[in-house]
Structures are given as structure tokens and as C-alpha cells.
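Structural overview for review
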Amino acid sequence: MSGRLWVVGLGPGAAALQTPQATAALADATDLVGYCRYLERIPARPGQLRHGSDNRVEPERARHALQLAAAGRRVAVVSSGDPGVFAMATVVFEALEAGPPAWRELDIEVLPGVSAMFAAAARIGAPLGHDFCAISLSDNLKPWPLVLHRLVAAASAGFVIALYNAASRARPWQLAAALDALRPVLPPATPVAFATAVSRPDEAIFVGSLADADAARADMRTLVLIGSAATRVIARGAGRSYVFTPRRAGVPA
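Residues numbered from 1 in each chain as written. Predicted model: local features only at pLDDT ≥ 70, side-chain atom pairs only at ≥ 80, totals over all residues. Heavy atoms only, no water.

Remarks on the pairing of strand E7 (residues 132-136)
In this sheet, strand E8 (residues 160-164) lies alongside E7 in parallel orientation, the contact comprising five bridges. Opposite Cys133, over in E8, you have Ile161 as the bridge partner. (Pairing = 2+ DSSP bridges. Helix = DSSP H or I, 4+ residues; strand = E, 2+ residues; numbered from the N terminus.)

As C-alpha cells, this is what we get:
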């Protein structure tokens, strides 16, 4: 097959945080496929076709992209952040596995991007300096008790936790429930950061403690970072601070 498919990570928002590899693929593509709001972040190019869709039709989007590539098009499927982190890369491979055998001959390449957890962590210091994990609070594809089980297990094991899909209009209560589940496990002073629209003009970063963390600070653009019991805060002037997790754990200093 002459067509090809890139699964492209756009990064967290600012063009400066998009990789040159991603930029080159977007320029070379004949077709862009993705969530409408993500496509709006890509400069228009003459002759390039855009196939925008709602954020809730990811399997259909992946199949459409594979069909276009099978027809000989050069297709870029776009995701915010990194396409392999709770995003379109997995959806594309799920569609590939279930689709026609001929699709497996397509040239498919996943192009990484700066994930929201790395962009948010960089804004506040180095909270991911020791072991960490990423957990999606969405219970659309997994049961809520499993989400809580993983949260408590990760916190109990000393992992810093990056929470994706923290809140949306369809899921307004999950973050508050998650914070309540973590409060008996972690110290009240454990740092919690709310990072909204990182690197975009309306960026908002708030760092507080688990004891007073307010789920209302999050929306669908917010990445929530929850420190471990070892995570520290270095106070600065004007109410600002650095947050970091020491690299050393479980061994003598």
C-alpha cells in the first residue's frame, strides 16, 4: 500500500512545545483526522483536507483514518499531548487489530509529543523526580471501583500520581471522590497541583495540599498532580513555590 498514517502528538498547547518531527508530518499529510478542537490548533495548508469529529467517536475516527491511508492518502491522526497516553495511538491499533488484514501492511508511525503530565510537572518544579504513575479518572471504559483500587494502591506504594481526565461536564464528581479516597492514605500536607491549559494563553497553575484540595478547580483541560508522602515544597516569594520529589528512597542517605 502506498498510503501511510502518522499518529501525531501535538503537545500541550504552545507551538514551541510541538516536536519538529510532528510539525513535519502535519505539513506532509494530505489529510488531518482528529477532534475538532485539536484540529483548530494546526495551521491551515492549501489542498489539505480536515476530518474533524466529536471527542466521543474515537473508534470511528481511527477506522476512518485507516481507510484513508489504505486508499493511498498520507494521514495524520492528531492527539493533544502524547498520542500514546490515554489517546489515539491505542485506538488506532485497536482498530488495526480488528480490521481487514490488508491494513496491517500500512506504514504506521506514532510520533511522540510532550504529555500534559510532563508540561505540568515542569511548571512547578520536579514532582516526577522519583517513581510515578498516570491514572485516568474516566470510568467510561473501566469500572469506578477499579479506578479507586488503583489510586489507593499507587498512593500506598509511594507513587506520585498524575490524574488525567480529572473532570468534565459528564463526569463532575469523580475527582472529589478520588481525593476523598486518598486522604486516609497520604499526609494532609501532601502537595497537590492543578494545572489547567498548560502553555496556552489561559494557563492556570495552583499548588496546594491534599487537605484543602478543591475538585472544583479542575475542568476537562486540567491535569492534577498528587505528590507522594516524600514530595516536598520549597517556598518562594509572593506565594509561589517549587515542588519536587527526591530521587532517593528506601536507602540510607
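Here we look at the environment of Gly125
If you trace the backbone, Gly125 turns up in strand E6 (residues 125-126). Separated by 16 residues in sequence, Gly125 and Leu141 have C-alpha atoms that sit 32 Å apart.

Topic: the sheet that holds strand E12 (residues 232-235)
Taken in spatial order, the three strands line up as E6-E13-E12 in an open sheet, and their pairing is mixed. Of all the strands in the sheet, just E6 and E12 have a single pairing partner and so form its edges. For E12 and strand E13 (residues 241-244), the ladder comprises four bridges, and the chain directions are antiparallel. The residue bridging Arg232 from the neighbouring strand is Phe244, located in E13.

Examining the sheet that holds strand E9 (residues 191-196)
Overall, mixed pairing links the five strands, which are arranged E7-E8-E11-E9-E10 in an open sheet. Looking at strand neighbours, the two that pair on one side only are E7 and strand E10 (204-209), the edges of this open sheet. Taken over all neighbouring pairs, the strand axes of this sheet differ in orientation by 15 degrees on average, direction set aside. As paired elements, E9 and strand E11 (residues 222-226) share five bridges and run antiparallel to each other. Within the sheet, the bridge partner assigned to Thr196 lies in E11 and is Thr222. Helix-sheet contacts for helix H5 (residues 116-124) involve E7, E8, E9, E10 and E11, and the interaxial angle to E11 is about 65 degrees. (Axes fitted to C-alpha atoms, helices over the stretch in contact; angles between N-to-C directions. Contact = heavy atoms within 4.5 Å.)

Quick notes on H5
For H5, every residue scored as buried is listed here: Met117, Ala119, Ala120, Ala121 and Ile124. Count one or two residues on from H5 and you reach Gly125, which has phi positive near 135 degrees. (Buried < 20%, exposed > 50% of the residue type's maximum accessible area, 1.4 Å probe, protein only.)

Digging into the packing of helix H6 (residues 144-156) against helix H7 (residues 174-182)
Contact geometry for H6 and H7: axes closest at 10 Å, N-to-C directions at 40 degrees. In terms of orientation, H6 lies oblique with respect to H7. H6 and H7 meet at a crossing whose hand is right-handed. Residues Trp144, Leu148, Leu151, Val152 and Ala155 of H6 pack against Gln174, Ala177, Ala178, Ala181 and Leu182 of H7. For the contact of H6 with H7, the residue count by class is nine nonpolar, one polar and no charged. (Parallel < 35°, antiparallel > 145°, perpendicular 65-115°, else oblique. Left-handed = near helix turned anticlockwise from the far one by under 90°. Nonpolar A, V, L, I, M, F, W, Y, C, P; charged D, E, K, R; others polar.)

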